[in-house]
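# Inside the fold
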Amino acid sequence: MSVYLLRRLIQAALVMLAMSVIVFIGVYAIGDPVEILISPDADQAERVRAIAALGLDKPLWEQYFSFLGNALRGDLGRSFVFNEPALQLIAQRAPATLELAFGATFLAVLVGLPLGLYAGLRPNGVGAKTIMAGSILGFSLPTFWVGLMLIMVFAVQLGWLPSTGRGETVEILGMRWSFLTRDGLAHMAMPALNLALFKISLVIRLTRAGVRETMLMDFVKFARAKGLSPRRVIGVHVFKNILIPVVTVVGLELGSTIAFSVVTESVFAWPGMGKLIIDSINVLDRPVIVAYLMSIVLMFIIINLVVDLLYSVLDPRVRLESKG
Amino acid sequence: MSITTADTTSAPAKAPRVETPLRRFVSEFAESKMALGALIVFLAIVLIAIFAPLIAPQNPYDLAQLDIMDGRLEPGSQSADGSITYWLGTDDQGRDMLSGIMYGLRISLMVGAGSAIVAALVGASLGMLAAYAGGRTDTIIMRLVDLQLSFPTILSALMILAFLGKGIMNVVIALIVVEWAYYARTVRGTALVERRREYVEAAQCLALPTRRIIFRHLLPNCMPPLIVVGTIQIARAIALEATLSFLGLGVPITEPSLGLLIANGYEYMLSGKYWISFYPGIALLVTIVSINLVGDHLRDVLNPRLRK
Amino acid sequence: MRKLLLAATVAVSALSGAELPGQALSGAQAQTLTMAVGAPVTSLDPHYHQLSPNNAVADMIFDKLVNTDAQARRVPGLATEWRATGPTTWEFKLRPGVKFHNGNPFTAEDVAFTLGRLPNVPNAPSSFAVYARPIQRIEIVDPLTIRFHTTAPHPLLPLDMTNVRILDKETHEGAATEDFNSGKTAIGTGPWRVVSHRNGERIEFARHDAYWGGAPAFQRVNYRMITNDAARTAALLAGDVDFIDQVPTTDLAKLRQDQRVTLSEVVGLRLIFLGLDHLRGPNENSPFITDNDGKPLGRNPLRDVRVRRALSMAIDRQAIVERVMEGAATPAGQFLPPGVPGHVPDVQPTRYDPEGAKRLLAEAGYPNGFRMQLNGPNDRYINDGRIIQAIGQMWTRVGVRAAVEGQTWAVFVGRAARSEFSAHLIGWGSNPDGSHPLRNILATVSAEKGWGASNRGRYSNPEVDRLLEASLTELDEEKREKLVLDAQRIAAEDVGVIPIHIQTNIWAMRRGLMHEARADEATRAQDVRPAPQ
């Protein structure tokens, strides 16, 4: 087990190294940050000064190795735009995104699992058909469109919820969270729902498919034949079986939700990491882009690892050792 | 809209004819009227997309045929020179929305299906290889998958499109690059479970060639999840293309896909000019819903474990 | 049309505000003003990044020696008067009795300290050093009199001073950008004190009661950043914010009819224009120009003034303004709008004349036109992607078959800087002086002189250069103005660039407020007041 973990960690480090190289070259290829950041007023002398001030006068490989050296000491560079450590900027924005992503995941499981179970157990009922039709709509609607529709309906027309922003926050552990205040929750409702919509559909479908498959399996038939109550059959045997794909997907989706909250955050002006990264890409703020991606990769690796571990617990047929 | 999924568990009356897998598949698929309907709608959409240049009133990608003086006309308006009636109105450039939607369908379908097919081929092959070969091959492929999945889609796409420039083919390439890993992961996961099953062991004991085991035994069993993922991914690819266009990174502004039409119109929603965004949105919805309905039913039909 | 948009329109339509009791300004509302701006403020350090949103916020916290009013005219700020006391000496008399937010008095020492800091802000991506560079020596005559000795005659020094926000020597000695961002040293003499700052999210201000220009109308200001256009409009309509800037033109028609909302607008200082490829010689191929069969032309038609004029005549500016910009722009033939120093009265926007354009093209040897690609950003200027498509339509109609490519600014601007395009759309926000666009866009590129830094088409005209050179050291304001106008006139006749329109700056607010719209696009809380009931 510990050998397995160690190997995964080494692999993780390699992945992050590869990422940093790709991002460095990628951002370099997109454009010149100085052209974007510099005031149009600046003359050539000021441009030269700015290029030197941002360390962009050195060859790319030299910039990369000095970045790498600093990174090993935990310094991922300073934002070109904000002149603050990139990691600090990301840490400031992380709680907003995390609570949004967790809120969305929570919603997805809370809504998706029961609906999926219901649709799987009574596949021919009107309710199930409605649920499945809804889930298909959930897949089909583009996020940004839904976001605007939500704002149009609930904020502009009905005036029930605030249109954008994060609202009141409470400081815990030096970070600001909005899910602990009423105002914060009101602000969070629409973006979290917007972000969750796709995943609710996903969970519904996975659960339903899992239930339908599992119900036909011999062990379920056997359990039923043994006279176990339907509640126990579904609650224990079926549930445990369908949890595998659901856990995998929800786990994987958590990471991508955090990474892909870009659109929701920009529609709802939610001040999270997604908004930071899209702003940073727009101005080619390389240190922030690199630091953000490194953090995302790290998070992804951890999530994948946890999913794999859970997987092996839930499905003994998958043995971790077999991967080496 | 109501959706029926055929109950494959209640056995249909046995057909007297010799049952080939294809016949069985067709008859099982046809059991669901809804899926059949969706298939017909989808085929109609495909036909419209293919023949758009012949049936559309206007070539919306030819700047010479557009006139901004006809911009933002309501549905049913006449063009300034009286030559065209804009049944679904016009966008800000004076583009006929009906033609724009027909051409837009072409792009959305091409982007969605093209990227999904290639990504599925690449992803499934690699996933299968990883699961079957195991060891170092598996490690390398799965680390590659992790690397790919850890790249936010939007950013990968921005970088790829920055390297290549805007364009339909480039969007397809970007979508393939961001999507193949999903297929690889799915197929590997399923194959890993499947290859430990008795039937594979049996096949191995019979000393069947590896190729045969993979293609005849493992692959069919990996199909159901692959189809689920594929359905999700086609819909996702079309929506992602729309999102990329919304962020200004997708198709060129002069050749709007459905997504870009929606994004363009989205800015007019608040001012009551609903048609610029609404009709392409409906077209997009119908397309994705019909694909999903077909895929949804296909999964039920193809799943060997749901079959008796 | 121009007359309509010319005057700064102060929104005073609140007279009927009493009809809507729900929207009436209650006492509590008058205390706090919630504003939403479209462009994120990246730092509260006024010398860190020369960036419009940062400058607007800096103008709420800090003051400058010379201010500009809503129509971009120079007015006294922390200096009450200034004059050139010799060919290379400027003397500024400072305003007495001014206090910083922390109570420190403002003196000439602070000015000298500020100018010393400009070139020394670490990591500045775009510093304010250019404004300190011409100054060779600073002489403090007395606490309220300061003299700047320049290396050469420098008539534009007062204009430079409209860009320099004054710090407090005692507070800011050794202060880093982070100290400003945290709010710790965001201390100036301006009308607003910083209460809190969340990077890229919101800034909270409280009124500086001892402000020399009179205390502002609101107790507190909540300055939020909502970069998504639709979301910003929605926030105003939902009542979450009182005031927004950068109103999207697509929402204008609706907002104008909305009883709950008032607009304020003014002709701005930002020209949208086309840069043309002057880099490739008359007998070289321009990268995005071919003949009608897609083969290289063997020459660069853009080097022929008749072709440039034809391309300009083919553009129906009025149609662009009305159809694409929904009226939120004015057709332009030069960089500055009427009424602003540096506007050339006798240069008019090119008249729309497609037949004339065809004739000129034929005269230049292109009776059947040619193919050309027009490049532009699609996320930078108002409706930029729509404008290039409209121009593409118009050019195609006179025989220049135009393809159009819109790219994100991050990609576009680098390519434009490398002069990769044949024709490109770009914008320029001028300082209110004709020498500003001349020097940066129309002058021949010269690193030594610091000219043409934004001249991405590489236009070059010796006569323009000569007049500009003369104007930069001419201390006689009348003579200087003539030189600047002449240079601009020559460039306009030569069609160095193709001006399209000057944007109108538009703000929207809850009925019951009024706002003095600024030509320089700055969104500042001190320009907003409750409307008289």
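Residues numbered from 1 in each chain as written. Chains lettered and ligands numbered in written order. Predicted model: local features only at pLDDT ≥ 70, side-chain atom pairs only at ≥ 80, totals over all residues.

## Regarding the overall build of chain C
We count it as follows: Secondary structure elements are taken from DSSP: a helix is a run of H or I of four residues or more, a strand is a run of E of two residues or more, and numbering for both begins at the N terminus. The globule rule used here is 2.2 Å times the number of residues to the 0.38 power, and the radius of gyration it is set against is calculated over C-alpha atoms. We call a residue exposed when 12 or fewer other C-beta atoms sit within 10 Å of its C-beta, buried when the count reaches 20 or more, and partly exposed for counts in between; the C-beta positions come from the backbone. Each residue gets a C-beta atom placed from its backbone, and two residues are in contact if those atoms lie within 7 Å.
Each helix and strand counted, chain C has 18 helices and 20 strands in total. Taken over the C-alpha trace, chain C has a radius of gyration of 24 Å; the compact-globule value for 533 residues is 24 Å, and the two agree within 12%. Counting only C-alpha atoms, chain C reaches 70 × 60 × 40 Å along its principal axes. Among the 533 residues that make up chain C, the fraction classed as buried is 58%. The long-range fraction of contacts in chain C, counting pairs at least 24 apart against all pairs at least 6 apart in sequence, stands at 69%.

## Some details on the overall build of chain B
Looking only at helices and strands, one finds 10 helices and 2 strands in chain B. Within chain B, counting contacts between residues at least 6 apart in sequence, those at least 24 apart form 70% of the total.

## Here we look at the interface of chain A and chain C
What counts, and what does not: Three classes are used, and their members are as follows: Ala, Val, Leu, Ile, Met, Phe, Trp, Tyr, Cys and Pro are nonpolar, Asp, Glu, Lys and Arg are charged, and the others, Gly among them, are polar.
Residue-level contacts link 46 residues of chain A with 42 residues of chain C. For the side of chain A that touches chain C, the elements supplying multiple residues, two or more each, are helix 2 (33-37), helix 3 (44-53), helix 5 (86-121), helix 7 (143-157), helix 11 (262-267) and helix 12 (273-282) of chain A. With 7 residues, the top contributor of residues to the side of chain A that touches chain C is helix 3 of chain A. A class-by-class count of the residues in the side of chain A that touches chain C yields 25 nonpolar, 11 polar and 10 charged.

## Quick word on the packing of helix 7 of chain A against helix 8 (residues 182-215) of chain A
Residue and element names in this part refer to chain A. Stated formally: The convention used is that axes are lines fitted to C-alpha atoms, helices contributing only their stretch in contact, and that angles between N-to-C directions extend from 0 to 180 degrees. Crossings are sorted by hand: turned counterclockwise from the far helix by less than a right angle, the near helix makes the crossing left-handed, and turned clockwise it makes it right-handed.
Between helix 7 and helix 8, the least distance of the axes is 10 Å, while the angle of their chain directions is 145°. Considering how the two elements wind past one another, helix 7 and helix 8 form a crossing that is right-handed. Between helix 7 and helix 8, the contacting residues are Thr143, Val146, Gly147, Leu150, Ile151 and Phe154 on the first element and Met190, Asn194 and Leu197 on the second. Looking at side-chain class alone, the contact of helix 7 with helix 8 contains 6 nonpolar, 3 polar and no charged residues.

## Describing the environment of Gly399 of chain C
Residue and element names in this part refer to chain C. One can find Gly399 in the loop between helix 14 (384-397) and strand 16 (401-407). By the C-beta count within 10 Å, which is 19 here, Gly399 ends up partly exposed. Each C-alpha atom of the pair Gly399 and Gly342 lies 35 Å from the other, and the pair is 57 residues apart in sequence. If sequence neighbours within four positions are ignored, Gly399 has contacts with Lys358, Leu361, Asn368 and Gly369.

## Brief notes about the sheet that holds strand 5 (residues 89-94) of chain C
Residues and elements named next belong to chain C. Let me state the cut-off plainly: In this analysis, strands are considered paired if DSSP registers two or more bridges between them.
Here we have 4 strands laid out as an open sheet, ordered 4-5-7-6, and antiparallel in their pairing. On the outer flanks of this sheet lie strand 4 (79-86) and strand 6 (135-142), each paired with one strand and no other. With strand direction ignored, the average angle separating the axes of adjacent strands in the sheet is 20°. Relative to strand 6, helix 4 (residues 108-117) is tilted by about 170°, and along the sheet it contacts strand 5, strand 6 and strand 7 (145-150).

## Quick notes on the pairing of strand 8 (residues 192-198) of chain C
Pairing between strand 8 of chain C and strand 9 (residues 202-207) of chain C: 6 bridges, direction antiparallel. Within the sheet, the bridge partner assigned to Ser196 of chain C lies in strand 9 of chain C and is Glu204 of chain C.

## Let's talk about helix 9 (residues 258-266) of chain B
The α-helix advances 3.6 residues per turn, and as a result positions three or four apart in sequence lie on the same side. Of all 9 residues making up helix 9 of chain B, 9 are buried, and the element is well covered by its neighbours. Taken as a whole, helix 9 of chain B has its buried residues at Leu258, Gly259, Leu260, Leu261, Ile262, Ala263, Asn264, Gly265 and Tyr266 of chain B.

## Details of helix 3 (residues 52-61) of chain C
Residues and elements named next belong to chain C. Summarising burial for helix 3: 9 of the 10 residues are buried, a large majority. Within helix 3, burial applies to Pro53, Asn54, Asn55, Ala56, Val57, Ala58, Asp59, Met60 and Ile61. On its buried face, helix 3 sits against strand 1 (32-37), strand 8 and strand 9.

## Quick notes on the nonpolar core
Put simply, the rule reads: By convention the nonpolar core is taken to be a set of buried residues drawn from Ala, Val, Leu, Ile, Met, Phe, Trp, Tyr and Cys and joined through C-beta atoms within 7 Å.
Tyr183 of chain B together with Ala525 of chain C are the most contacted members of the largest nonpolar core, which has 327 residues in total. Dropping the residues within four chain positions of it, Ala525 of chain C is found in contact with Leu33, Met35, Met60, Trp192, Phe205, Pro216, Phe218, Val221 and Tyr223 of chain C.

## Quick word on the packing of helix 11 (residues 305-313) of chain C against helix 13 (residues 354-363) of chain C
All names here are of chain C. Our working definition: The cut-offs work like this: below 35 degrees is roughly parallel, past 145 is roughly antiparallel, 65 to 115 is roughly perpendicular, and the gaps in between are oblique.
Two elements in contact, helix 11 and helix 13, have axes separated by 8 Å at closest approach and are oriented at 160°. Classified by the interaxial angle, the pair formed by helix 11 and helix 13 is roughly antiparallel. When the axes of helix 11 and helix 13 are compared, the crossing they make is left-handed. From helix 11, Arg306, Val307, Arg309, Ala310 and Met313 reach across to helix 13, where they touch Gly356, Ala357, Leu360, Leu361 and Glu363.

## Here's the deal with the confidence of the model for chain B
All names here are of chain B. Put simply, the rule is: Predictor confidence is given residue by residue as pLDDT, running from a minimum of 0 to a maximum of 100.
Per-residue confidence for chain B gives a mean pLDDT of 80; residues scoring 70 or more make up 87%. Averaged over each element, pLDDT in chain B is lowest for helix 5 (residues 153-164) (69) and highest for helix 2 (residues 33-55) (91). Residue range residues 1-15 is modelled with pLDDT below 50. Its contacts to residues more than four positions away, or to other chains, number 36 contacts.

## A closer look at unusual backbone geometry
Residue and element names in this part refer to chain C. Even without glycine at this site, Glu326 takes up a positive phi of about 50°. With respect to the helices and strands, the residue Glu326 is situated in the loop between helix 12 (317-324) and strand 14 (329-331). For Glu326, a count of 22 C-beta atoms within 10 Å corresponds to the buried category. Although it is not a glycine, Val495 sits at a positive phi angle of roughly 50°. Tracing the sequence through the fold places Val495 in the loop between helix 18 (477-493) and strand 18 (497-510).

## Remarks on the pairing of strand 5 of chain C
Residues and elements named next belong to chain C. Side chains Trp90, Phe92 and Leu94 of strand 5 all project onto a buried face; the interleaved residues Thr89, Glu91 and Lys93 project onto a face where none is buried. The sheet contact formed by strand 4 and strand 5 spans 6 bridges and is antiparallel. Counted as the bridge partner of Gly86 is Thr89 from strand 5. Adjacent in sequence and paired antiparallel, strand 4 and strand 5 are bridged by 2 residues. Across 5 bridges, the pairing between strand 5 and strand 7 is antiparallel. Looking at the pairing, Lys93 lines up with Thr145 of strand 7.

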